[in-house]
Amino acid sequence: MTPSNSSELQQFKEAIDPLNLLPLWERQMKLLPGSHCVPAHWAYQAVRPLLEKSVALISKKDADRRVLVMENPSLKGSSFISQSLYAGQQIIMPGEIAPSHRHSPNALRFLVEGEGAYTSVDGVKMMMRPGDFVVTPNFTWHDHGNEGSQAVVWMDGLDTPFTSLFGAHFRENYPQDIYPVTHTSQRLDQHCASLIYPWESSLDCLSQMPTSQMDPVHGFKLRYINPKTGKDPLTTIAAFMQMLPKGFMGKTYRSTEHTVMNVAQGSCILEVGSQTYHLATHDVMVVPSWEPYRFLSSDMAVIFSFSDRCAQQALGFWREEYLVE
Ligand code: 1HN
């Protein structure tokens, strides 16, 4: 290119800038898989005393929901654990109520600790126990309470980054704290079949899997399916429970989904890229899109996880790769 050409080009760029136009040929094309967020780990041993401390510092009434948000260190200010997902740790003390509201984002709970808490979804009241996976589909009324004698902790997962992306976030408070209960669930009845996936059923299914179904990366892994629709329990989020047998040495893998893991039982090692994470019971880990990872477990481990795979598959974006070592 001649110098006169390049100064003309410079003038051209300056002229089009006020019209909110720019030359694509000068943009570096960053159309590559991968994510702006980084792998991150939250040890329950560190988080648990901080939840306790938050109980002393803020009342449920003032907090509405007493939650410590797990924010990705490279997405500061976003409140998101990954570009596509939100996750938090919620504590509810005996006698407390989290008032009823509804919103456009889909939500899920994974019960970590304590007995006696319930969530009510459009009037279906469900007692929740550790290891249970419970969903709040978008725009359903939901309130929570703790009728037991112990603190209850669960992990919340939401797709708020999607409603932010689309500018489609709506939220409403119910005029009373508690939405009228029309049904109290017996855990496995028809009313709640698409809303609560009990721990004991997940473990039963995992233990019935034949050895031939063990995946070289994921061990024994099941995807939760809504029995009424045959589809994922939420429109954007897929959820899974997996079991790594004692001595499991997983192969390396990557996929385009962002995954949030919560160790339900046991412990394991997770290698992500060049980093090694020691995951203990109840620890949370986020693995971003296209990061190679593998599991190693000297102990037996049961891991709950949720990811944006469901949304990516609906849109035709999802890919995975079993990496050859
Ligand atoms: C929400 O409604 C709950 O219902 C928890 O417990 C966390 C984070 C963002 C937006 C709504 C709940 C939330 C939330």
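Residues numbered from 1 in each chain as written. Predicted model: local features only at pLDDT ≥ 70, side-chain atom pairs only at ≥ 80, totals over all residues. Heavy atoms only, no water.

K.L.:
Is there a simple way to think about the state of the cysteines in this case?
P.N.:
Here a disulfide denotes a covalent bond joining the sulfur atom of one cysteine to the sulfur atom of another. Taken as a whole, this structure holds 0 disulfides when the rule is applied. Of all cysteine sulfurs, the one in Cys205 lies closest to Cys192, which takes part in no disulfide; the gap is 15 Å. Assessed through its relative accessible area of 0%, Cys192 is described here as buried. There is no disulfide at Cys310, and the cysteine sulfur nearest it, in Cys37, is 19 Å away. (Disulfide = S-S within 2.5 Å. Buried < 20%, exposed > 50% of the residue type's maximum accessible area, 1.4 Å probe, protein only.)

K.L.:
Any chance you could explain helix 2 (residues 44-57) here in plain terms?
P.N.:
In an α-helix, one full turn covers 3.6 residues, which means residues spaced three or four apart are oriented alike. For helix 2, which comprises 14 residues, the first-to-last C-alpha distance of 20 Å matches the rise-based estimate of 20 Å (1.5 Å per residue) to within 8%. The set of residues buried in helix 2 consists of Tyr44, Val47, Arg48, Leu51 and Ser54. Along the long axis of helix 2, the arc covered by the buried residues comes to 120°, so they all point the same way. Residues of helix 2 that are exposed and point over 90 degrees away from its buried face: Gln45, Lys53, Ala56 and Leu57. (Helix = DSSP H or I, 4+ residues; strand = E, 2+ residues; numbered from the N terminus. Expected span 1.5 Å × (residues − 1). Arc of directions from axis to C-beta.)

K.L.:
How should I be thinking about the site of the ligand in this particular structure?
P.N.:
Taken together, Arg65, Tyr86, Gln90, His101, His103, Arg109, His142, His144, Asp156 and Leu158 make up the full set of residues near the ligand. Here an oxygen atom of the ligand and a side-chain polar atom of Arg65 are 3.0 Å apart. His101 has a polar side-chain atom sitting 2.7 Å from an oxygen atom of the ligand. The fraction of the free accessible surface of the ligand (330 Å²) that becomes covered by protein chains is 85%. Contributing elements (two or more residues each) for the shell around the ligand: strand 3 (86-92), strand 4 (97-103), strand 9 (142-146) and strand 10 (152-158). Considering only residue class, the shell around the ligand consists of 2 nonpolar, 5 polar and 3 charged. (Near = heavy atom within 4 Å. Polar contact = N/O pair within 3.5 Å; in protein donor to acceptor, adjacent residues only side chain to side chain. Areas by Shrake-Rupley, 256 points an atom, 1.4 Å probe, with all protein chains shown as cover. Nonpolar A, V, L, I, M, F, W, Y, C, P; charged D, E, K, R; others polar.)

K.L.:
Sorry, what's going on with the sheet that holds strand 3 here?
P.N.:
Sheet strands pair via backbone hydrogen bonds, and the direction of the pair is either parallel or antiparallel. Strand order in the open sheet made by the 6 strands is 2-3-10-5-8-13, with antiparallel pairing throughout. Two strands close off the open sheet at either side, each with one partner strand: strand 2 (67-69) and strand 13 (196-197). This element, helix 2, spans strand 2, strand 3, strand 5 (107-113) and strand 10 of the sheet and lies at about 55° to strand 3. (Pairing = 2+ DSSP bridges. Contact = heavy atoms within 4.5 Å. Axes fitted to C-alpha atoms, helices over the stretch in contact; angles between N-to-C directions.)

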